[in-house]
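Structural overview for review
Chain by chain, the residues:
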Amino acid sequence: MKIGITCYPSVGGSGIIATELGILMAERGHEVHFITSNMPFRLNKPVPNITFHQVDINQYAVFQYPPYDISLSTKIANVINEYDLDILHMHYAIPHAICGILARQMSGKDIKIMTTLHGTDITVLGYDHALRNAIKFGIEKSDIVTSVSQSLKEETYDIIQPNKEIIPIYNFVKEQDFPIGRQQDLRASYGIDKDEKVIIHVSNFRKVKRIDTIIDTFARIRQNMKAKLLLIGDGPELLDMRQHVKSLHLTEDVLFLGKQDCMSNFYQVSDLVLLMSEKESFGLTLLEAMNSGVLPIGTRTGGIQEVIKHEVTGFLVDIGDCDAAANYAIEILQDETKYKQMQSVMLEDIHARFHSKKIADQYEYYYEKMLGESTTNV
Ligand code: GMT
């Protein structure tokens, strides 16, 4: 198949999934075309069968806002015709699903469109009356729509009420990029003592991530044991959170590490990953960390409840409940035997439910189905 993929290329889970899926499809022999505003950040090595088409966004003085959507649609239409694409896979409802539909019309070709819903394109933008109808249109005019969790599917029906089947397909990680291992060198270079436990949180530092709850949880853990908190990422909440850490006198133990590329190295020195979001359709950082052998604690919200099986593969707490999170953390970090048992169940569970091959098979099946070629059920 000849597959065109559009996503947000900057750091973020939806861009990672789009890129890794494109790479897997290319490795399976399909011809993959990324049509994005910049080189997707995980497309950092040459892969045969992949072509990158950069969208030029016109800065013409008359435009108050550069017309990203129009430039993108035009570029996609050109690539459809030039390379005779069979399928478009658009990641994120707004504006990408709509750009795909416009591009199909511009190209004059009856190309099939899959749209993958990732999260705030529904759970935040879906409440914006200026956008809701556009999201509904993008969903209903796509040939196949997938969501990254069952919970996102349900929320889409609640918020947008589209007249369309939505197929949940879970996220995945490239297993070999997140091996289990112990990077003692990295611990030393960040001043982490051998007897200290390491808690990690990775996000785009938006309010919805509730980083204050992460820090408050850590403060309680720190009262009970030697530990460090690694906060990785950047975003609007960063300065306030630095202030919060100062006010708790935790500056020595909370390391703000900014954006990082080699996440696997940081997971390898970690004992627990925390994701305490108010809304989260999946939480790809959890799966990356879990593949690296790190036990998770997350909130009972959205897809987090599908990724973590409470008290089996990690722990779930109510939103804002830093006491419960800290109690689970302290208990498991003090019991190495229980930690190891739970880790082994967790690794088996994620292998069974989120393995990259299984997920790529599902996407490939639906690609073929759109083209009327599907053979086996997955
Ligand atoms: O929708 C967003 O806020 C950004 C988006 C992203 O590009 O990382 O995150 C969403 O998609 C990820 C990949 O499917 C999921 O792992 C995240 O849980 C989801 N974010 C939210 O639901 C807040």
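Heads up: the structure comes first, above all this text.
Our subject in this report is the structure included herewith. (Residues numbered from 1 in each chain as written. Predicted model: local features only at pLDDT ≥ 70, side-chain atom pairs only at ≥ 80, totals over all residues. Heavy atoms only, no water.)

All right, on to the side chain of Lys112 then. Along the chain, Lys112 turns up in strand S5 (residues 112-117). Side-chain polar atoms of Lys112 contact the side chain of Asp110, separated by 3.5 Å. Residues in contact with Lys112, not counting those within four places in the same chain, are Asp86, Ile87, Leu88, Asp143, Met370 and Leu371. (Helix = DSSP H or I, 4+ residues; strand = E, 2+ residues; numbered from the N terminus. Polar contact = N/O pair within 3.5 Å; in protein donor to acceptor, adjacent residues only side chain to side chain. Contact = heavy atoms within 4.5 Å.)

With that settled, the discussion passes to a nonpolar patch on the surface. A grouping of Tyr60, Val62 and Phe63 is seen on the molecular surface, where their side chains present a nonpolar patch of about 330 Å² in accessible area. Mapped onto the elements, Val62 comes out in the loop between strand S3 (50-54) and helix H2 (68-83). (Patch = residues over 30% accessible without salt bridge, like charges linked within 9 Å, V, L, I, M, F, W, Y side chains within 5 Å. Areas by Shrake-Rupley, 256 points an atom, 1.4 Å probe, with all protein chains shown as cover. Salt bridge = Lys/Arg side-chain N within 4 Å of Asp/Glu carboxyl O.)

Bringing the nonpolar core into the picture now. One finds Ile200, Leu230, Leu231, Ile297 and Tyr367 to be the most contacted residues of the largest nonpolar core, which totals 108 residues. The residues that make up this core include at least three from each of domain 1 (2-172 + 355-370) and domain 2 (175-354). Apart from residues no more than four positions distant in its own chain, Leu230 is found in contact with Ile192, Val198, Ile199, Ile200, His201, Leu255, Leu257, Phe266, Val269 and Ser270. Core analysis: the next-biggest nonpolar cluster, separate from the first, contains 16 residues, Ile35, Leu72, Ala77 and Ala103 among them. (Core = buried A, V, L, I, M, F, W, Y, C linked by side-chain atoms within 4.5 Å. Buried < 20%, exposed > 50% of the residue type's maximum accessible area, 1.4 Å probe, protein only. Domains from an automatic or database assignment.)

A few words now on the packing of aromatic side chains. For the coordinates displayed, the defined rule picks out nine aromatic pairs. Plain terms: the ring middles of Tyr170 and Phe354 are 5.1 Å apart, the flat faces sit at 65° to each other, and that makes the pair edge-to-face. One end of the pair, Tyr170, is in the loop between strand S7 (166-168) and helix H7 (184-189); the other, Phe354, is in helix H14 (residues 336-354), and 184 residues separate them in sequence. Residue Phe354 is classed as buried on the basis of its relative accessible area, which comes to 2%. An aromatic cluster is built from Tyr170, Phe282 and Phe354, whose rings are joined through pairwise contacts. (Phe/Tyr/Trp six-rings, centres within 6.5 Å; stacked < 30°, edge-to-face > 60°.)

With that settled, the discussion passes to the packing of H2 against helix H3 (residues 93-107). Packing of H2 against H3 brings their axes to within 8 Å, and their N-to-C directions diverge by 50°. Comparing their axes, H3 and H2 come out oblique. When the axes of H2 and H3 are compared, the crossing they make is right-handed. Taken together, the residues of H3 that come into contact with H2 (itself represented by Tyr68, Asp69, Leu72, Ser73, Thr74, Ile76, Ala77, Ile80 and Asn81) are Pro95, His96, Cys99, Leu102, Ala103, Arg104, Met106 and Ser107. (Axes fitted to C-alpha atoms, helices over the stretch in contact; angles between N-to-C directions. Parallel < 35°, antiparallel > 145°, perpendicular 65-115°, else oblique. Left-handed = near helix turned anticlockwise from the far one by under 90°.)

With that out of the way, let us pick up the packing of helix H11 (residues 284-291) against H14. Where H11 meets H14, the axes come as close as 10 Å, and the angle between the chain directions of the two elements is 125°. With respect to each other, H11 and H14 are oriented oblique. As H11 packs across H14, the resulting crossing turns out to be left-handed. Only Met346, Leu347, Ile350 and Phe354 of H14 make contact with H11, whose side of the interface consists of Leu287, Met290 and Asn291. Among the residues making up the contact of H11 with H14, the classes are represented as six nonpolar, one polar and no charged. (Nonpolar A, V, L, I, M, F, W, Y, C, P; charged D, E, K, R; others polar.)

Quick look at the pairing of strand S1 (residues 2-6) now. Burial analysis of S1 places four of its five residues in the buried class, the great majority of the element. Sheet analysis places S1 next to strand S2 (residues 31-36), joined by four bridges and oriented parallel. Note on S2: the bridge partner recorded for Lys2 is Glu31. (Pairing = 2+ DSSP bridges.)

Turning to the pairing of strand S8 (residues 197-202), a few remarks are in order. Of all six residues in S8, five are buried; the element is thus mostly enclosed. Here S8 runs beside strand S9 (residues 227-232); their pairing, made up of six bridges, is parallel. What sits directly across from Val202, in S9, is Ile232. Between S8 and its parallel partner S9, the chain crosses via helix H8 (residues 211-224), and the hand of that crossover is right-handed. One ladder, built from two bridges, connects S8 with strand S11 (residues 272-275); its direction is parallel. Residue pairing for S11: Ile200 is matched across the bridge by Val273. (Right-handed = clockwise from strand over helix to strand, strands pointing away.)

Turning our eyes to something else, we now look at the site of the ligand. Taken together, 16 residues lie near the ligand, and Gly13, Ser14, Thr120, Arg206 and Glu280 sit nearest. Side-chain polar atom of Ser14 to an oxygen atom of the ligand: 2.6 Å apart, as the coordinates give it. Asn171 places a polar side-chain atom, nitrogen or oxygen, 2.8 Å from an oxygen atom of the ligand. Contact with the protein chains removes 91% of the 480 Å² of surface that the ligand exposes when unbound. Among the residues making up the shell around the ligand, the classes are represented as four nonpolar, nine polar and three charged. Two domains each provide a minimum of three residues to the shell around the ligand, namely domain 1 (2-172 + 355-370) and domain 2 (175-354). (Near = heavy atom within 4 Å.)

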